Amino acid sequence: MIKIVNIVGARPNFMKIAPLLEEMKNHSEIEAFLIHTGQHYDDKMSQTFFDDLGLPKPNIYLGVGSGNHGVQTGKIMMELEPILQEIKPDLMVVVGDVNSTLAAALVAAKLGIKIAHVEAGLRSYDWEMPEEINRVVVDRISDYLFITEKEAQDNLIKEGVDKEKIFFSGNVMIDTLLKHKERAEDSHILEELSLSSGRYGVVTLHRPSNVEDENVLGKIVDALLKVQDHIQLVFPVHPRTNKQLEQFGLKEKLLQSGNIKITEPLGYLEFLKLTKHAGFVLTDSGGIQEETTALQVPCITMRENTERPVTSRIGSNKIIGNSPERIYEECLEVISGKVRKGMIPEQWDGKAAQRIVKVLLGKMQEKTV
Ligand code: UD1
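Residues numbered from 1 in each chain as written. Predicted model: local features only at pLDDT ≥ 70, side-chain atom pairs only at ≥ 80, totals over all residues. Heavy atoms only, no water.

Some points on the nonpolar core
- Core analysis: the largest hydrophobic core is formed by 57 residues, its most contacted members being Ile17, Leu20, Val93 and Leu274.
- No fewer than three residues from each of domain 1 (2-170 + 348-368) and domain 2 (186-335) sit in this core.
- Contact partners of Val93, with chain neighbours within four places excluded, come to Ile4, Val5, Asn6, Ile7, Ile17, Leu20, Met24, Ala116, Val118 and Leu360.
- In terms of nonpolar packing, the next biggest core, distinct from the first, is built from 27 residues, Leu233, Phe235, Val237 and Phe280 among them. (Core = buried A, V, L, I, M, F, W, Y, C linked by side-chain atoms within 4.5 Å. Buried < 20%, exposed > 50% of the residue type's maximum accessible area, 1.4 Å probe, protein only. Domains from an automatic or database assignment. Contact = heavy atoms within 4.5 Å.)

Below, the structure is given as structure tokens:
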């Protein structure tokens, strides 16, 4: 038996691990474990995704919750170490770039457990993003690096990673999107929010660089208030952003805007349907840049850079920073019909998990002969 421990912790991890677990089930020689750190714990940030994606209940739930980076990372490491010593896995699979990814990989590396990093090699070259630190460290200590786009290989090679460790597998997040795209149509989210297909924009916002400073967040809110004069906006609010909006007295402004619908965080299927039918998406998320590219829905990214350059090079994404004038101009351009649908990146074909598990099985079997 090959024992594989799979780690999830935060919202964007769930859709990445789902197709991998499913593919592992197809191989009787694999014994797969799922460990949830509890970095995200609200039903709407976690359980809803387990339900929507048919994820199995985790074998172990660490329940670490929120905290400063040191506290959160440290707590996960302390809780996870004895569990891994007990399970003695042959391999750990980590996905993405959240604090749970980093903490789990550090523990495994010190215990001599092989690590596979899915979504490796992405770089924003912006050290102010906590995720950039997580990405670089996790890649450095991983044994098998699965990349979603070719640029990632150049980043890794520049950092001295052996080419033999890198596998261009495609994008597991897009495996999940393609699998559920039709099913998402059953969601009634458009009716519930009284929206008509193609005639609204979706807004998401949660990066510390956009929401932690009152002045920055205030200006983004002002831009949204101008855009809503031209098109209806839907804004599912992340818990971090919600706290900041309330603290800075900005939530009221949004609630009274008239043409902006504020909602709680949405489930996977609801959000997929909302995005699929949107005229455009205005976001600072990493994953949504990829999902909109796969759906060929115009995406405007309120960041100075992206670690996912394929989405703007060939996809539907445009990186614009966060100045309110630019946000307004870019939204108006899309509203006036200047849309960029883009093309689908190579290997984003729904088969990434199959490729990854095949490579891992080969590697694990090599080890035992
Ligand atoms: C984390 C990831 C980020 C990812 C995002 C997706 C890191 C460093 N960041 O950011 O890469 O894009 O998840 O959502 O790992 N909170 C709740 N309920 C929850 C979870 C969080 O209320 O279930 C609130 C807490 O106040 C918490 C804050 O949100 O302090 C931030 O949560 P945290 O997990 O630290 O970071 P995210 O901003 O969610």
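A few points about the pairing of strand S1 (residues 2-8)
- Among the seven residues that make up S1, six are buried, leaving the element largely enclosed by the rest of the structure.
- Relative to strand S2 (residues 30-36), S1 runs parallel, the two being bridged by seven bridges. In the strand pairing of S2, Asn6 is matched with Leu34.
- Where the polypeptide runs from S1 across helix H1 (residues 11-25) and back to S2, its parallel neighbour, the crossover connection is right-handed.
- Sheet topology places S1 next to strand S4 (residues 91-95); three bridges connect them, and they run parallel. If you follow Ile4 over to S4, its bridge partner there is Leu91. (Helix = DSSP H or I, 4+ residues; strand = E, 2+ residues; numbered from the N terminus. Pairing = 2+ DSSP bridges. Right-handed = clockwise from strand over helix to strand, strands pointing away.)

Describing helix H6 (residues 150-158)
- Taken together, the buried positions of H6 are Glu151, Ala152, Asn155 and Leu156. Taken around the axis of H6, the buried residues stretch over an arc of 140 degrees, which confines them to a single face.
- Against the buried residues of H6 lie helix H5 (130-141), strand S6 (144-147), strand S7 (166-168) and helix H15 (310-313).
- The first or second residue beyond H6 is Gly160, which carries a positive phi of 90 degrees. (Arc of directions from axis to C-beta.)

Describing the domain arrangement of the protein
- Each assigned domain of the protein is listed with its residue range as follows: domain 1 (2-170 + 348-368) and domain 2 (186-335).
- Computed over C-alpha atoms, the centres of domain 1 and domain 2 are 27 Å apart.
- When domain 1 packs against domain 2, close to 1800 Å² is buried across both sides, 58% of that on carbon and sulfur atoms.
- Counting across the domain 1 and domain 2 interface gives five salt bridges.
- One salt bridge connects Arg135 with Glu307, and the closest N-O pair in it is separated by 3.7 Å.
- Taken together, domain 1 and domain 2 are joined by eight residue pairs in polar contact (both at pLDDT 80 or more).
- For the side of domain 1 that touches domain 2, the elements supplying multiple residues, two or more each, are H1, helix H2 (47-53) and H5.
- At four residues, the largest contribution of residues to the side of domain 1 that touches domain 2 is made by H2.
- Here the side of domain 1 that touches domain 2 is composed, by residue class, of seven nonpolar, four polar and 12 charged. (Buried area = accessible area lost by both parts, 1.4 Å probe. Salt bridge = Lys/Arg side-chain N within 4 Å of Asp/Glu carboxyl O. Polar contact = N/O pair within 3.5 Å; in protein donor to acceptor, adjacent residues only side chain to side chain. Nonpolar A, V, L, I, M, F, W, Y, C, P; charged D, E, K, R; others polar.)

Here's the deal with the packing of helix H7 (residues 172-180) against helix H14 (residues 287-295)
- One way to put it is that H7 packs onto H14 with a least axis distance of 10 Å and a crossing angle of 50 degrees. By the angle between their directions, the pair H7 and H14 is classed as oblique. Crossing of H7 over H14 shows right-handed handedness. Contacts between H7 and H14 involve Met173, Ile174 and Leu177 from the former and Gly287, Glu290, Glu291, Ala294 and Leu295 from the latter.
- Class assignment of the residues belonging to the contact of H7 with H14 gives a composition of five nonpolar, one polar and two charged. (Axes fitted to C-alpha atoms, helices over the stretch in contact; angles between N-to-C directions. Parallel < 35°, antiparallel > 145°, perpendicular 65-115°, else oblique. Left-handed = near helix turned anticlockwise from the far one by under 90°.)

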